Amino acid sequence: MPDIDIATPLAPASAKTMLHGLRGFFLPHRIAMALIALAALAAMIAYMDWSWLPAYLPRLWSGLGMTMIMLVASVGIGFLFALPLGLAQVAGPWPLRWMSLGFCTVVRGTPLLLQMWLFYFGLGSLFAQFPEIRESWAWPYLRQAWPYGLIALTVSFAAYEGEVMRGAFAGVPAGELEAARAFGMSRGKTFRRVWFPRALHRALPTLAGEIILQLKSTPLVATITVTDLYAVITRVRQSTFLTYEPLLFLVAVYLCLSGALTIFLRWMENRIPSGG
Amino acid sequence: MTEGIDFSLLALDAPGWGGALLTGFLRSVELAVGGYALGIVIGIIGAIAKLYGGRVTRDLAEIYTIIIRAVPELVLMLLFYYVGTDLANRAMQAMGYAGFDVNGLTAGILVIGLVQGGYATEVLRGAIRAVPRGQIEAAHAFGMSPAKVLTRVTLPAMTPHAIPGMANLWMIATKDTALLAVIGFSELTLVTRQAASATREYFLFFISAGVLYLILTLVSNYGLRRFEKHARRGMDAAR
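Everything numeric here is computed off the predicted structure, so don't read it as measured data.

Caption draft 1: Spatial organisation of the overall build of chain A. Looking only at helices and strands, chain A has 12 helices and 0 strands in total. Projected onto its principal axes, the C-alpha coordinates of chain A cover approximately 70 × 70 × 30 Å. By residue count, 41% of the 276 residues in chain A fall in the buried class. Considering only residue pairs separated by 6 or more positions, chain A has 78% of its internal contacts joining residues 24 or more positions apart.

Laid out in structure tokens, this is it:
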């Protein structure tokens, strides 16, 4: 199944075209719209209640930190699992192929929220029944909520990205692999030098889209009592009885996060040479 | 957990939770279908606004899709839910009705539809652009009104191009209904959690709900494949 967001890699813009692009951006109607938006923003700041903001700022920062940790850790670990999942579906023996296909189908076919609650409530209550686990070194961690949130996010990312890697591995032209074999490379070397780099390169634009989607999944950890950004805002809403201000603030923060992440990922993408 | 699983908890009648789960499942499907349909309508309007609209309309549509694609669905749903019910309440009060309770199903469909609309706009815009210009120009040349060109030529011709993306969106819609559990809609995921915490059989209920979602996904996947084959008839087989 095709993915939603396929960003085409852009050539790095020169200073002249950038200037031209900027002039193309500031059309008269855009200036008017920007002024209206600024007026609306000023009205929001003036007429809405933002007195809670300074008091909650430290907690908001630590919530943001938790959101970023969840994102980076789940993407990093999930990608390590996605590689074998994708490879097994393309080149694995049939039991492995069926198992990884089944894993991806099940995880992609059920809501992440349900998986997270299964891990947190199900595994959490199961672990508590075994004295061996309760007395082990891992128990202080397993009593907290964040490991279950991280497991759920990682499993989800691995399944979605595994599907992407499957397509990327399958999409590397057979001729390139045959050429590598003809040069006398071993199977391992062919994988390391040709198949994997080429597949990764093909997967990069989709990977960027998947990372943005993953950022948008992180607030779900708040439902299992992990205090990420969303959980802090929920706390604000409960203690100040404000509805709109905290939510609008949250929308603004996520807009900035997604924007910054998009720019960063595009910059990373442009640094990787795309030689044909 | 250790002494085996009590499957009688899934019985359809009162002591078992099977009936409640199935009702919740039905509710989820209703929400998904309604939200998806609303999303398609918003998507068509958005795609037309982006392709044929004036400068301001185009930019407004762009802002809408940027926000939908950048902000987590959970946050959007909360915001739409509060804004929507608040506005509806005020409108009803202004018209003279005292108390007004927004129907849960309507609010849920509205919330999912607004989120789906942002993605549908992008999918449909790409699909409309894939329709050869000549076909649309020919329809204009026959003297069809713009509305007739849309319903007779543009929409039918873009359907095969839109199906893969729209199928993906349907899968997202079915899974997004679960997020409504956080706002308190009694759809499948919330009912499952209630059943699980009442009986403390977490695995049994969460896995049963997972199976229900999976059945929905697999069945609709099969249906969408068949529909795609039907819509692509007569087009190039190679793709």
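Caption draft 2: Main features of a nonpolar patch on the surface. All names here are of chain A. On the surface, Phe25, Phe26, Ile31, Leu35, Leu38, Leu41, Met44 and Ile45 cluster together into a nonpolar patch covering about 790 Å² of accessible area. Per-element tally for the nonpolar patch: the top contributor is helix 2 (residues 28-47), with 6 residues. Along the chain, Leu38 falls in helix 2. Overall, Leu38 belongs to the exposed group, its relative accessible area being 53%.

Caption draft 3: Structural view of unusual backbone geometry. A positive phi angle, close to 65 degrees, is found at Thr225 of chain A, a residue other than glycine. With respect to the helices, strands and loops of the structure, Thr225 of chain A is situated in the loop between helix 10 (187-217) and helix 11 (229-240). Overall, Thr225 of chain A belongs to the exposed group, its relative accessible area being 55%. Phi at Arg200 of chain B is positive, roughly 65 degrees, even though this residue is not glycine. Within the element layout of this structure, Arg200 of chain B appears in the loop between helix 8 (188-199) and helix 9 (202-231). Arg200 of chain B sits in the exposed class, given a relative accessible area of 56%.

Caption draft 4: A look at helix 8 of chain B. An ideal rise of 1.5 Å per residue puts 16 Å on 12 residues; helix 8 of chain B measures up with 16 Å between its terminal C-alpha atoms. Those residues of helix 8 of chain B lying buried are Leu188, Thr189, Leu190, Val191, Thr192, Ala195 and Ala196 of chain B. Residues of helix 8 of chain B that are buried make contact with helix 5 (112-128) of chain A together with helix 1 (18-52), helix 7 (180-183) and helix 9 of chain B. Of the residues that open helix 8 of chain B, the one with a side-chain oxygen 3.1 Å from the backbone nitrogen of Thr189 of chain B is Glu187 of chain B. Immediately beyond the C-terminal end of helix 8 of chain B, within one or two residues, lies Arg200 of chain B, with a positive phi of roughly 65 degrees.

Caption draft 5: Main features of the interface of chain A and chain B. In this assembly, 43 residues from chain A lie in contact with 43 residues from chain B. At the junction of chain A with chain B, the criterion picks out 2 salt bridges. Here Asp59 of chain B and Arg30 of chain A are joined by a salt bridge, their closest N and O atoms 2.6 Å apart. At the junction of chain A with chain B, the criterion picks out 11 residue pairs in polar contact (both at pLDDT 80 or more). Looking at the side of chain A that touches chain B, the elements that each hand over two or more residues are helix 2, helix 4 (94-109), helix 5, helix 10, helix 11 and helix 12 (244-271) of chain A. With 9 residues, helix 5 of chain A is the largest single contributor of residues to the side of chain A that touches chain B. The class makeup of the residues in the side of chain A that touches chain B is 27 nonpolar, 10 polar and 6 charged.

Caption draft 6: Layout of the environment of Pro156 of chain B. Residues and elements named next belong to chain B. Inspection of the secondary structure assignment puts Pro156 in helix 6 (residues 146-176). For the pair Pro156 and Val131, spaced 25 residues apart in sequence, the C-alpha separation works out to 9.7 Å. Those residues in contact with Pro156, other than ones at most four positions away along the chain, are Leu150 and Thr151.

Caption draft 7: Highlighting the packing of helix 2 (residues 55-70) of chain B against helix 4 (residues 104-129) of chain B. Residue and element names in this part refer to chain B. Following both chains from N to C, one finds helix 2 and helix 4 inclined at 115 degrees, their axes separated by 9 Å at the closest point. Of the two elements, helix 2 crosses helix 4, and the hand of that crossing is left-handed. Across from Tyr64, Thr65, Ile68 and Arg69 in helix 2, the residues of helix 4 making contact are Leu114, Val115, Gly117, Gly118, Tyr119, Thr121 and Glu122.

Caption draft 8: Summary view of the confidence of the model for chain B. For chain B, the average pLDDT comes to 87, and 92% of its residues sit at 70 or higher. Element-level mean pLDDT values for chain B span from 85 in helix 3 (residues 73-94) of chain B up to 93 in helix 1 of chain B.

Caption draft 9: The arrangement of the side chain of Asp59 of chain B in detail. You can see Asp59 of chain B is positioned in helix 2. In contact with Asp59 of chain B, not counting residues within four places along its chain, are His29, Arg30 and Met33 of chain A.

Rules used throughout
Residues numbered from 1 in each chain as written. Chains lettered and ligands numbered in written order. Predicted model: local features only at pLDDT ≥ 70, side-chain atom pairs only at ≥ 80, totals over all residues. Heavy atoms only, no water. Helix = DSSP H or I, 4+ residues; strand = E, 2+ residues; numbered from the N terminus. Buried < 20%, exposed > 50% of the residue type's maximum accessible area, 1.4 Å probe, protein only. Contact = heavy atoms within 4.5 Å. Patch = residues over 30% accessible without salt bridge, like charges linked within 9 Å, V, L, I, M, F, W, Y side chains within 5 Å. Areas by Shrake-Rupley, 256 points an atom, 1.4 Å probe, with all protein chains shown as cover. Salt bridge = Lys/Arg side-chain N within 4 Å of Asp/Glu carboxyl O. Expected span 1.5 Å × (residues − 1). Polar contact = N/O pair within 3.5 Å; in protein donor to acceptor, adjacent residues only side chain to side chain. Nonpolar A, V, L, I, M, F, W, Y, C, P; charged D, E, K, R; others polar. Axes fitted to C-alpha atoms, helices over the stretch in contact; angles between N-to-C directions. Left-handed = near helix turned anticlockwise from the far one by under 90°. pLDDT = per-residue confidence, 0-100.

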